[in-house]
Amino acid sequence: MIARILATAITEAHIARRNRWVLIAAVLMVVFSLVLSAVGSAPSGGLGADRLSITVASLTSLSVYLVPLVALLMSFDAVAGEVERGALPLLLTYPVGRWEILAGKLVAHTGILIVALVAGYGAAAFIAVAGDPAAAAGFGALWRLTWTSTFLGATFLGIGYALSSLARRASGAAGLAIGLWLGLVVLYDLALLAAVVADDGGMFTTQFFPAALLANPADAFRLFNLTASQATAAASGIGAAAASIALWKSLLSVLVWPLIALGLATFAFRKVEP
């Protein structure tokens, strides 16, 4: 089983290398991380936190938007592309389970994402420590951001595989992926903020609002990192709610969502006929 998953992962890694996904993802993360490391750590003195910890808070806000987008762009044609190219019937003739195919794709794409994250976050850490050696105290927060970003990316990779299986065509899967990104990452928080304002401290704000945040993998990721880094003072909007939600709850959501996403993808892939 492991050998079959690794064989699929190696094949997918070669395809991604030819498609320049490794380079594209790494460049995106490095560019945006360097910009945030330059402008996002200005308030460190006033907040009483080291420069790298404040940079991590800024990178958390970046990652909420960029990591899911990169993951969806890598995964939206994982199944639909195989169908359109006529490669899926041949792939399914091999003695490999459908979930093993998805697991192999997940391993390869997650590896690419890790390379991009290490490049981007590493560049930001270098800038922060070079400007202030005391910023090295924030390496723990940076490490936490790195592995949670990996889990966030794995979640959206799985979601991308599910959308790719449902759409059957790469163009349709791309549209679904962008729509889902806008819905979960952008419009979801705006809807919650509007509901909180309309509720004016009522039942929704006190009881349903925390659960709604934890139900969204992007929000759970942001809440966990801000709370664990004790950098909630650098956040605003939805991120400011981090202090009111127990750390273990957001951590549980971060850890469970990749499994849920892979399960949904496997279920959707089983319905695909070559």
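This text gives an overview of the structure that appears in the document.

### Things to note about helix α12 (residues 247-270)
Here α12 spans 36 Å end to end across 24 residues, near enough to the 34 Å set by a 1.5 Å rise per residue. At Val 256, α12 shows its maximal kink, close to 30°; a proline, Pro 258, follows between one and four residues later. Turning to α12, its buried residues are Ser 250, Ser 253, Val 254, Trp 257, Pro 258, Ala 261, Ala 265, Thr 266, Ala 268 and Phe 269. Here the buried face of α12 lies against α6 (88-93), α7 (98-131), α8 (139-167), α10 (203-214) and α11 (217-229).

### What about the environment of Gly 120?
By secondary structure assignment, the location of Gly 120 is in helix α7. Since its relative accessible area comes to 0%, Gly 120 is described here as buried. Linking Gly 120 and Phe 32, residues 88 residues apart in sequence, is a C-alpha distance of 7.7 Å. Residues in contact with Gly 120, not counting those within four places in the same chain, are Met 29, Val 30 and Ser 33.

### Looking at the nonpolar core
The biggest cluster of nonpolar side chains holds 61 residues, and the ones touching the most others in it are Leu 59, Met 74, Tyr 121, Phe 156, Tyr 161 and Phe 269. Those elements that provide at least two residues to this core are α2 (21-39), α4 (51-75), α6, α7, α8, α9 (170-199), α11 and α12. When residues no more than four places from it in sequence are discounted, the contact partners of Tyr 161 are Ser 75, Ala 78, Val 79, Leu 102, Lys 105, Leu 106, His 109 and Ala 265. Of all hydrophobic cores here, the second largest spans seven residues; its members include Ala 212, Leu 214, Leu 223 and Ile 245.

Parameters and conventions
Residues numbered from 1 in each chain as written. Predicted model: local features only at pLDDT ≥ 70, side-chain atom pairs only at ≥ 80, totals over all residues. Heavy atoms only, no water. Helix = DSSP H or I, 4+ residues; strand = E, 2+ residues; numbered from the N terminus. Expected span 1.5 Å × (residues − 1). Bend = angle between axes of the 7 residues up to and from the residue. Buried < 20%, exposed > 50% of the residue type's maximum accessible area, 1.4 Å probe, protein only. Contact = heavy atoms within 4.5 Å. Core = buried A, V, L, I, M, F, W, Y, C linked by side-chain atoms within 4.5 Å.

The quantities given are spatial measurements derived from coordinates; they are silent on function.
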